Amino acid sequence: MQISRREFLKWSVAAAVALGIEVSLGSVSNVLAAETDPPIIWLQGSGCSGCTVSTLNVTNPTTIDNVLLNKISMKYNNTLMTASGDLAMQTLDQSATQYNGQFILVVEGAVPTGANGNYCVIGEVDGTLLTMEQAVLKYGPMAKYVVAAGTCASFGGVSAAGVNATGCLTASSILSGKTVNPVVNLPGCPVHPTVLIQTLLDLILIGMPSLDRSNRPSNYFGTKIHSICPRKGTTVVKQLGQYGCYKNVGCKGPSCQNVCPSMQWNNGQAWCIGVNHPCIGCANPDFPANPLCQV
């Protein structure tokens, strides 16, 4: 029986722990990162790149430098990589081909389908434009896992809001029936960095997480914000800026499921309600509702 180096290392660590042998987890992490099975290919569609920016600010379970150097192998992300032009497009296609059936495809932003997808072009291949729609349709079925990063990729979000010509669709809509595993939706505007990085690590080392009816990992999206809000039970206020519960001034915490109260943002320093603003429900399938806060 043949096993990968990654599987061998995982078994070795488990055996060492069982026998009470001291192991260097740091060294193991470095070796696991060197094993490019599976790498990450990250495509950016119609959006603001906010989910990439959010990811760059991750501090838990570790910082982004440690993530990129020691935890995952990022083969393609046009914002983070130094390559551009033909070299970047060659890297994208060669990585997907080399790791066909093994890599994780991250889709950030919605996927425009209007005007034959030409509202979002990610590059050229042999002088021919490659649209985001074409790229997702090509590389999605080749991936072992597909992750929709952010509300635009998961539910349409701002990019698909209202009546517009772009014809933006979600990653799961584009790839319906075409992937080995269900598309994992990680909504949020942007997605919380810990949720994204931890989900990628879980997919690499464990496999598919338990998903809810919206294909979201249930361990991150199983609780409504209002249920664990520290202001629950406080005075229900009638005016923004006052301390208290905002459910009567448009707060969508009673309907939105996200990790904001427990993980917070800016290295665990703040979150919307913590700075006296109602939850706008940015992880909801119907975000952005109009108006954002229904007073």
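A quick note: this is a predicted structure, and the numbers were derived from the prediction, not measured.

J.: I keep staring at the nonpolar core and nothing clicks. Help me out?
T.: Soluble globular proteins: nonpolar side chains tend toward being buried together. Ranked by internal contacts, the top residues of the largest apolar core, which has 29 residues, are Leu43, Tyr76, Phe103, Leu105, Val107, Val136 and Tyr139. For this core, the secondary structure elements donating two or more residues are strand 1 (40-44), helix 5 (85-98), strand 3 (104-108), helix 6 (132-139), strand 6 (145-149) and helix 8 (171-174). Dropping the residues within four chain positions of it, phenylalanine 103 is found in contact with Pro38, Pro39, Ile41, Ala96, Tyr139, Met142, Ala143, Lys144 and Tyr145. Counting 25 residues, the second largest nonpolar core, distinct from the first, contains Trp42, Ile64, Ile104 and Leu200.

J.: What am I meant to see in the pattern of salt bridges here?
T.: Between side chains of opposite charge, a pair can form when the charged atoms approach closely. Considering all chains together, one arrives at 2 salt bridges under this definition. Note that lysine 138 is salt-bridged to aspartate 93, the shortest N-O span being 2.8 Å. Of the two residues, lysine 138 sits in helix 6 while aspartate 93 sits in helix 5, which places them 45 residues apart along the sequence. Of the charged contacts, one joins arginine 216 and aspartate 212 as a salt bridge, the two residues approaching to 2.8 Å between their closest N and O atoms. Note on arginine 216: relative accessible area 8%, which makes it buried.

J.: What am I meant to see in the environment of asparagine 267 here?
T.: Checked against the element boundaries, asparagine 267 lands in the segment after helix 12 (260-263). If near-sequence neighbours (up to four positions away) are discounted, asparagine 267 is found in contact with Asn57 and Thr59.

J.: How should I be thinking about helix 6 in this particular structure?
T.: Structural remark: α-helix, 3.6 residues per turn; residues separated by three or four positions point the same way. Buried residues of helix 6: Met132, Glu133, Ala135, Val136 and Tyr139, and no others. Angular distribution of buried residues about the axis of helix 6 spans 165°; they occupy a single face of the element. Residues of helix 6 that are buried in the fold lie against strand 1, helix 5, strand 3, strand 4 (121-125), strand 5 (128-131) and helix 8.

J.: What is the right way to look at a nonpolar patch on the surface in this model?
T.: A contiguous nonpolar patch, built from Leu56, Leu68 and Leu80 and spanning about 200 Å² of accessible area, is present on the exposed surface. Locating leucine 56 in the fold gives a position in helix 3 (residues 50-56). Judged by its relative accessible area of 36%, leucine 56 falls in the partly exposed class.

J.: Explain the state of the cysteines here, please?
T.: In protein structure, a disulfide is the covalent linkage between the sulfur atoms of two cysteines. A full pass over the atoms with the stated rule returns 0 disulfides. Left without a disulfide partner, cysteine 51 is nearest to the cysteine sulfur of cysteine 48, which lies 6.8 Å away. Residue cysteine 251 stays outside any disulfide, its sulfur separated by 5.2 Å from that of cysteine 279, the closest cysteine.

Cut-offs applied
Residues numbered from 1 in each chain as written. Predicted model: local features only at pLDDT ≥ 70, side-chain atom pairs only at ≥ 80, totals over all residues. Heavy atoms only, no water. Core = buried A, V, L, I, M, F, W, Y, C linked by side-chain atoms within 4.5 Å. Buried < 20%, exposed > 50% of the residue type's maximum accessible area, 1.4 Å probe, protein only. Helix = DSSP H or I, 4+ residues; strand = E, 2+ residues; numbered from the N terminus. Contact = heavy atoms within 4.5 Å. Salt bridge = Lys/Arg side-chain N within 4 Å of Asp/Glu carboxyl O. Arc of directions from axis to C-beta. Patch = residues over 30% accessible without salt bridge, like charges linked within 9 Å, V, L, I, M, F, W, Y side chains within 5 Å. Areas by Shrake-Rupley, 256 points an atom, 1.4 Å probe, with all protein chains shown as cover. Disulfide = S-S within 2.5 Å.

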